[in-house]
Amino acid sequence: MIAKLAKTCTLRISPEKLNFILSDKVASGGVNMWCELEQENFFSEFQMEGISAENNEIYLELTSENLSRALKTAQNARALKIKLTNKHFPCLTISIELLSMSSSSRIVTHDIPVKVIPRKLWKDLQEPTVPASEVSIYLPGLKMMKSVVEKMRNISSRLIIEANLNGELNLKIETELVCVSTHFKDLGNPPLASENASQDRNPEQMAEVHIDIKKLLQFLAGQQVNPTKAICNIVNNKIIHFDLLYEDVSLQYFIPAFATYQKWEFRDFCDDLER
């Protein structure tokens, strides 16, 4: 899943958790990702030692596809060991014990080059702050949503996502020639979202964000398994935040809105003609 979302990413190792991080500059249109795995759900033994007791973490930059390919060879393995090594350059070494036809075992080793990130850069790789959203809503089936967005991509590179506190979500594209809209109803809103919403906000009022349709498709294409919970949080015309929960993994994904967008109205068109 991570390999489909990010070509390169940061692996954060701490005593309790592993995190895969993508931290592009949101101000320049980049996306952010924070994926979290509880190490106790994946490893029977786990040992790590950071720089110090106060900074007991390790940050590594790696090519996600290299890690994905190595782990695919371990699907039927008897045992798997991952360790940080130095083989003329820093590596994440993956040792896989496989059973052979003769019932004996063989060891396959992958050395994945990594870049150790210095402590002075850690501040840029912390868990993103979730902004206060106008609307929070449960998502429809991600495969169905992906199918809809793929068809819309052929018409426009920009997508409007809007939702309200009545469980309604709309996917829209607008061009000078055509306007296409897909409506989802009765999706439901998380209880906390409704409680924290402004008392003055009309439940039918839409919050919207205009985003790059390719960035949304990349996110949807990365979802190989249906999550147990999928929530979309919209900060009006600023950012959209996806919060997905799987059995042992949680994923947060942030797509910023276009810095500027033009909403064409008839009076604008007349003003342009007069000028």
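Everything numeric in this text was worked out from a predicted model, so none of it was measured.

A. The overall build of the protein, seen in detail. For the protein, the count of helices and strands is six helices and 16 strands. The buried share of the protein, reckoned over its 275 residues, is 41%. Excluding contacts between residues fewer than 6 apart, the proportion of contacts in the protein whose partners are at least 24 apart in sequence is 59%. Here the protein has roughly 16300 Å² of accessible surface; of this, 49% comes from carbon and sulfur atoms.

B. Geometry of the pairing of strand S13 (residues 207-212). Judged by how many residues are buried, S13 sits mostly within the fold: five of six residues are covered. Alignment of strand S10 (residues 158-163) against S13, held across six bridges, turns out to be antiparallel. Its bridge partner lying in S13, Ile161 is registered against Val209.

C. The confidence of the model for the protein, seen in detail. Of all residues in the protein, 89% have pLDDT values of 70 or greater, and the mean over the chain is 87. Scored below 50 in pLDDT, residues 260-275 makes seven contacts in the model with residues more than four places away or belonging to other chains.

D. Spatial organisation of the sheet that holds strand S3 (residues 32-38). As summarised here, the arrangement of the nine strands in space is S8-S4-S1-S2-S3-S16-S15-S14-S9, forming an open sheet in which the pairing is antiparallel. On the outer flanks of this sheet lie strand S8 (115-116) and strand S9 (135-138), each paired with one strand and no other.

E. Region of interest: the pattern of salt bridges. A complete count under the given rule lists eight salt bridges for this structure. The shortest N-O distance in the salt bridge between Glu97 and Arg78 comes to 3.0 Å. With Glu97 in strand S6 (residues 90-99) and Arg78 in the loop between helix H2 (64-72) and strand S5 (79-86), this pair connects stretches of sequence that are 19 residues apart. Glu162 serves as the salt-bridge partner of Lys172, at 3.8 Å between the closest nitrogen and oxygen. Note that Lys172 is positioned in strand S11 (residues 169-174) and Glu162 in strand S10, a separation of ten residues in sequence. For the residue pair Lys172 and Glu162, the accessibility class agrees, reading buried in each case.

F. Quick look at unusual backbone geometry. One non-glycine residue, His88, adopts positive backbone phi at about 70 degrees. Relative to the elements of secondary structure, His88 occurs in the loop between S5 and S6. Phi is positive for Asn237, close to 60 degrees, though the residue is something other than glycine. Of note, Asn237 is situated in the loop between strand S14 (229-235) and strand S15 (239-245). Taking the relative accessible area as the measure of exposure, Asn237 reaches 31% and is therefore partly exposed.

G. Seen up close, helix H3 (residues 142-153). Taking 1.5 Å per residue, twelve residues should reach 16 Å; H3 reaches 16 Å between its end C-alpha atoms and fits that length. All of the buried residues in H3 are Leu142, Met145, Val148, Val149 and Met152. One side of H3 carries all its buried residues, which in axial view fall inside an arc of 125 degrees. H3 presents Lys143 and Lys151 as exposed residues on the side facing more than 90 degrees away from its buried surface. Those residues of H3 hidden inside the fold are in contact with S10, S11, strand S12 (179-184), helix H5 (213-221) and S15.

H. Highlighting the packing of aromatic side chains. In total, this model carries four aromatic pairs according to the counting rule given. Ring centres of Tyr59 and Trp122 lie 4.6 Å apart, and the angle between their planes is 35 degrees; on these two criteria the pair is classed as tilted. Here Trp122 lies in the loop between S8 and S9 and Tyr59 lies in strand S4 (residues 58-63), a separation of 63 residues in the sequence. The same class applies to Tyr59 and to Trp122, which are both buried. Residues Phe219 and Phe242 carry aromatic rings whose centres are separated by 4.6 Å and whose planes lie at 20 degrees to one another, so their mutual orientation is stacked. Within this pair, whereas Phe219 is found in helix H5, its partner Phe242 is found in strand S15, the two being separated by 23 residues in sequence. Each member of the pair, Phe219 together with Phe242, is buried. By way of ring pairs, the aromatic residues Phe219, Phe242 and Tyr253 are connected into one cluster. Against the face of Phe258 rests Arg158, its NZ or CZ located 3.8 Å from the ring centre.

I. Inspection of the sheet that holds S10 at higher detail. In spatial order, the strands read S12-S11-S10-S13; together these four strands make up an open sheet with antiparallel pairing. The open sheet is flanked by S12 and S13, the only strands paired with a single partner. Each strand axis lies, on average, 20 degrees off the axis of its neighbour in the sheet, ignoring direction. Contacts from H3 reach S10, S11 and S12 within the one sheet, and its direction differs from that of S11 by about 15 degrees.

Quick notes on the rules
- Going along each chain's sequence as written, the residues are numbered from 1 onward.
- In view of the model being predicted, local features appear only for residues whose pLDDT reaches at least 70, and side-chain atom pairs are presented and counted only at 80 or more, with totals across whole chains, interfaces and linings using the full set of residues.
- Derived side-chain values reflect all non-hydrogen atoms in the structure, with water molecules and hydrogen atoms excluded from consideration.
- A run of H or I in DSSP becomes a helix once it reaches four residues, and a run of E becomes a strand once it reaches two; helices and strands are each numbered from the N terminus.
- For each residue, the accessible area found with a 1.4 Å probe, counting protein chains only, is set against the maximum for its type, and the residue is called buried under 20%, exposed over 50%, and partly exposed in between.
- By definition, residues are in contact when any of their heavy atoms lie within 4.5 Å.
- Note on areas: these come from Shrake-Rupley sampling with a 1.4 Å probe, and a residue is covered only by the protein chains present in the view.
- Here, a strand pair is defined by DSSP locating no fewer than two bridges between the strands.
- pLDDT runs from 0 to 100 and stands for how confident the predictor is about each residue.
- Counted as salt bridges are all cases of a side-chain nitrogen of Lys or Arg within 4 Å of a carboxyl oxygen of Asp or Glu.
- One fewer than the residue count of a helix, multiplied by 1.5 Å, yields its expected span.
- The arc in question is formed by the directions pointing from the helix axis toward the C-beta atoms.
- Pairing of aromatic rings covers Phe, Tyr and Trp, the last counted by its six-membered ring, and requires centre-to-centre distances within 6.5 Å; plane angles under 30 degrees mean stacked, over 60 mean edge-to-face, and any other angle means tilted.
- Lysine and arginine charges are scored as sitting over a ring when NZ or CZ, respectively, is within 6 Å of the ring centre and within 35 degrees of the ring normal.
- Every axis corresponds to a line fitted to the C-alpha atoms, with the helix fit spanning only the stretch in contact, and the corresponding angles, defined between N-to-C directions, vary from 0 to 180 degrees.

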